[in-house]
Amino acid sequence: MSLASPVVGFDLDMTLIDSRPGIGAVYDLLAAETGVTIDSALVTSRLGPPLAAELANWFPAEQVPAMVERYRALYPDHAITPSVALPGAAEALAAVRRLGGSTVVVTSKYAPSARLHVEHLGLPVDDLVGELYAAAKGAALAERGAIVYVGDHTADIAAARAAGTVSVAVATGPFDADALRAAGADVVLDDLSSFPTWLAEYVAPARPAASGPS
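As the structure is a computational prediction, the values presented were derived from the model and not from experiment. (Residues numbered from 1 in each chain as written. Predicted model: local features only at pLDDT ≥ 70, side-chain atom pairs only at ≥ 80, totals over all residues. Heavy atoms only, no water.)

## So, the overall build of the protein chain
- Summing up its helical and strand segments, the protein chain has ten helices and eight strands in all.
- The C-alpha radius of gyration computed for the protein chain amounts to 18 Å, which stays within 12% of the reference 17 Å derived for 214 residues, consistent with globular compactness.
- For the protein chain, the C-alpha atoms occupy an extent of roughly 75 × 35 × 30 Å along the three principal directions.
- Taken over 214 residues, the protein chain has a buried fraction of 49%.
- Put simply, 64% of the contacts in the protein chain that link residues at least 6 apart link residues at least 24 apart.
- Of the side chains in the protein chain, 13 bear a positive and 24 a negative charge, and the two mean positions are spaced by 5 Å. (Helix = DSSP H or I, 4+ residues; strand = E, 2+ residues; numbered from the N terminus. Rg over C-alpha atoms; globule rule 2.2 N^0.38 Å. Buried < 20%, exposed > 50% of the residue type's maximum accessible area, 1.4 Å probe, protein only. Contact = heavy atoms within 4.5 Å. Lys, Arg positive; Asp, Glu negative; His and termini not counted. Charge placed at Lys NZ, Arg CZ, Asp CG, Glu CD.)

And the structure:
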C-alpha cells in the first residue's frame, strides 16, 4: 500500500451515487409484473446487501434466481437515468487523481449495472469490481493495494478491515455517524464533500516537501 501514489476504493450505492429512485422504480415494476407486494421505500432505505438477499424478503427461495435475472433485465432502462451522483462524489474521485493515485469501485451491485451508472454520470473511476459484499470485498481491495475504502454501510467497514486498509465512512446511507463510529470506522464524514481535504492531509506525510528557491 503506497501513500505516494494512493489507490482508493469506493462503494457505489449511497456512497458515490443516490440510486434509490432507480432501484425503487425497478422494484415497483417487478411487483407489478409478479403481483407480489414489495415495499420499495423499505427496500431503498436499507441498500447495501446483495440483490438476492433483498429479493428473498419478498419471494420464495426457489423464485429468487429468476427474480434476480428479471430485475437485472429491467435495470438498465429504468434505474440509470433517475439516479444521481451524491454531493462531492466527482470531486472525491478527482482528488485521488490529483495526488497521482487511482480509484476502484468495489460494490455488491452487478458489475454491468454499476458500470452503466458510472458511465452515465461521467464519474472518473479507474477500475470497478462487482458482486462482492462486506468482508468479501477485502481481497479485491488488497489485490489493488488500496490504502482507503470509502463506504456508507457497516459492511463497508468490514470490507476495509478484511483488506487491512483505512475505513472512511460517510453518513449518506442507512447508518448515521454514531452507528458508523460504533461499527469501527476509522474516519466518519458527513458526506464526500470533505473527503478531498481529509485525503490530502492523510497522504501528506508520505510526500516530499516542496523545495524552496535555491
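## Brief notes about the nonpolar core
- Judged by nonpolar contacts, the single largest core of 29 residues is most densely connected at Phe10, Leu16 and Phe195.
- When neighbours within four sequence positions are excluded, Phe10 is seen to be in contact with Leu16, Ala92, Leu93, Val96, Thr103, Val104, Val105, Val106, Tyr149, Val150, Leu192 and Phe195.
- Counting 21 residues, the second-largest nonpolar core is a separate cluster that includes Val26, Ile38, Val68 and Tyr71. (Core = buried A, V, L, I, M, F, W, Y, C linked by side-chain atoms within 4.5 Å.)

## Observations regarding the pattern of salt bridges
- On inspection of all chains with the given rule, the structure shows twelve salt bridges.
- We note a salt bridge from Asp156 to Lys137, for which the minimum N-O separation is 2.9 Å. Remark: Lys137 occurs in helix H7 (residues 137–143) and Asp156 occurs in helix H8 (residues 154–163); sequence separation between them is 19 residues.
- The exposure class of Lys137 is buried, given its relative accessible area of 2%.
- The shortest N-O distance in the salt bridge between Asp186 and Arg161 comes to 3.1 Å. You can see Asp186 sitting in the loop between helix H9 (177–182) and strand S8 (187–189) and its partner Arg161 sitting in helix H8, a full 25 residues away along the chain.
- Among the charged side chains, a salt-bridge network with shared partners connects Asp11, Lys137 and Asp156. (Salt bridge = Lys/Arg side-chain N within 4 Å of Asp/Glu carboxyl O.)

## Things to note about the environment of Ala169
- Inspection of the secondary structure assignment puts Ala169 in strand S7 (residues 166–170).
- Residue classification places Ala169 among the buried residues on the basis of a relative accessible area of 0%.
- Distance in space between the C-alpha atoms of Ala169 and Ala136 is 18 Å, their sequence separation being 33 residues.
- Ignoring any residue separated from it by four or fewer positions in sequence, one finds Ala169 in contact with Gly151, Leu180, Ala185, Val187, Val188 and Leu189.

## Thoughts on the packing of helix H1 (residues 20–34) against helix H4 (residues 64–78)
- Here H1 crosses H4 at 130 degrees, and the two axes come no closer than 9 Å. On the basis of their axis angle, the class for H1 and H4 is oblique. Considering the relative orientation of H1 and H4, their crossing is right-handed. Across the interface between the two elements, Gly22, Ile23, Ala25, Val26, Tyr27, Leu29, Leu30, Glu33 and Thr34 from H1 touch Met67, Arg70, Tyr71, Leu74, Tyr75 and His78 from H4. (Axes fitted to C-alpha atoms, helices over the stretch in contact; angles between N-to-C directions. Parallel < 35°, antiparallel > 145°, perpendicular 65-115°, else oblique. Left-handed = near helix turned anticlockwise from the far one by under 90°.)

## With respect to the environment of Ala111
- Secondary-structure assignment places Ala111 in helix H6 (residues 111–121).
- Through-space distance from the C-alpha of Ala111 to that of Val125 is 13 Å; in sequence the pair is 14 residues apart.
- Filtering out sequence-adjacent residues up to four positions away, Ala111 remains in contact with Leu128 and Gly130.

## Quick look at the confidence of the model for the protein chain
- On average, residues of the protein chain carry a pLDDT of 95, and 94% of them reach 70 or more.
- The model gives residues 210–214 a pLDDT under 50, and that stretch makes zero contacts with residues more than four places away or in other chains. (pLDDT = per-residue confidence, 0-100.)

## Concerning the side chain of Asp11
- Along the chain, Asp11 turns up in the loop between strand S1 (7–10) and strand S2 (17–18).
- Within the structure, Asp11 has its side chain in polar contact with the side chain of Lys137 (distance 3.2 Å). (Polar contact = N/O pair within 3.5 Å; in protein donor to acceptor, adjacent residues only side chain to side chain.)

## Some details on the layout of surface pockets
- Roughly 330 Å³ of internal volume is contained in the largest pocket.
- Residue lining of the largest pocket: 23 residues in total, with Pro49, Pro50, Leu51, Ser108 and Lys109 positioned closest to the centre.
- Top element by residues in the lining of the largest pocket is H4. It accounts for four residues.
- Of the residues belonging to the lining of the largest pocket, the class tally is 14 nonpolar, three polar and six charged. (1 Å grid on protein atoms, 1.4 Å probe; cavity = no way out; pocket = protein on both sides within 12 Å on 5 of 7 lines; lining within 4 Å. Points joined across faces, edges and corners; volume = space filled by probe spheres on them. Nonpolar A, V, L, I, M, F, W, Y, C, P; charged D, E, K, R; others polar.)

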